[in-house]
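Now for the letters of each chain:
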Amino acid sequence: MSSDPRPHDVAPGGDGEPPVPLGLTVVVAHLDVCDAEDVLRSLAGRLLDAGAVTVDFPEALRAREQRYPTGLPTPIPTAIPHADPEHVLVPGLAIATLARPVAFGEMGGTGGTVDARLVAMPLLTDARAHLAALQSLMGLLRDEAAVQDLLGATDEDELRERTMTHLSGGAVGPGEAADGNAADVGAADGTTTDTSKGHEA
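Let me begin by describing the structure that accompanies this report.

Cut-offs applied
Residues numbered from 1 in each chain as written. Predicted model: local features only at pLDDT ≥ 70, side-chain atom pairs only at ≥ 80, totals over all residues. Heavy atoms only, no water. Buried < 20%, exposed > 50% of the residue type's maximum accessible area, 1.4 Å probe, protein only. Helix = DSSP H or I, 4+ residues; strand = E, 2+ residues; numbered from the N terminus. Arc of directions from axis to C-beta. Contact = heavy atoms within 4.5 Å. Pairing = 2+ DSSP bridges. Axes fitted to C-alpha atoms, helices over the stretch in contact; angles between N-to-C directions. Salt bridge = Lys/Arg side-chain N within 4 Å of Asp/Glu carboxyl O.

Topic: helix α2 (residues 57–67)
Here's step 1: Along α2, the residues that are buried comprise Phe57, Ala60, Leu61, Arg64 and Glu65. The buried side chains of α2 occupy one side of the element, clustering within an arc of 130 degrees when seen end-on. When the buried face of α2 is taken as reference, the exposed residues oriented beyond 90 degrees from it are Gln66 and Arg67.
Here's step 2: Against the buried residues of α2 lie α1 (36–49), β2 (71–72), β4 (92–105) and β5 (113–123).

Written as structure tokens, this is what we have:
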């Protein structure tokens, strides 16, 4: 089973360069955990085993999620936890469906929570290079039918195949990132802020 899927079929970034694809590094179907910290711990451990992140990644991920929550009130609630680029060795994407909804703090510092059913964790070394792929990911997370399809995957192979199918066909137009969510993920390099809510992602 390859961990280097085909490039996403997304529009080029604003600088006219072709998008840099994000390969699926870790895929977990029906992850059975009790809270958000367990989700982060489980995915970070798998990413360490895959050699995709540094030994400091798990703590950096946890600390960032506490400071800048990433729960999204999408039609089916999702979360996009991530750590700063210095903790990432290989760009990619970890994705997990959850056996039961798990509360994540809502992005934007509202103090509320969302009961996430899907977690997508971008691994970025250069957020700008992956902007088109991030826009495609955010388009997927906002698509209720697509997320429901991912939740219906019975195992990792099926989840990987369905995720790549949706991402490769899930290009979004430039205006569709206007809600700030793609910029939120791009803030992983610490230089972009969520202008829609006034908080860094």
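Quick notes on the pairing of strand β1 (residues 24–31)
Here's step 1: Most of β1 is tucked away, with six of its eight residues classed as buried.
Here's step 2: Two strands pair when backbone bridges link them, and β1 and β4 are joined in this way by five bridges, in the parallel orientation. Of the residues in β4, the one forming a bridge with Leu24 is Leu93.

Considerations on the sheet that holds β5
Here's step 1: An order of β1-β4-β5-β3-β2 is seen for the five strands of this open sheet, with the pairing classed as mixed. In this open sheet, the two edge strands, each paired with only one partner strand, are β1 and β2.
Here's step 2: The strands touched by helix α4 (residues 144–151) within the sheet are β1, β4 and β5, with β5 carrying the most contacts at an inclination of about 85 degrees.

What to know about the pattern of salt bridges
Here's step 1: Within the structure shown, the criterion is met by seven salt bridges.
Here's step 2: Salt-bridge contacts for Glu59 lead to Arg62; the nearest nitrogen and oxygen are separated by 2.5 Å. Of this pair, Glu59 and Arg62 both sit in helix α2, three residues apart, roughly one helical turn.
Here's step 3: Its relative accessible area of 43% is what places Glu59 among the partly exposed residues.
Here's step 4: The exposure class of Arg62 is partly exposed, given its relative accessible area of 26%.
Here's step 5: One salt bridge connects Asp84 with Arg64, and the closest N-O pair in it is separated by 2.5 Å. Separated by 20 residues along the polypeptide, Asp84 in the loop between β3 (78–79) and β4 and Arg64 in helix α2 bring together distant segments of the chain.
Here's step 6: Take Arg64: its relative accessible area is 8%, and that puts it in the buried class.
Here's step 7: Three or more residues are tied together by salt bridges with common partners; here these are Glu37, Asp38 and Arg41.

So, to be careful, I would describe these as geometric facts and stop short of saying anything about function.
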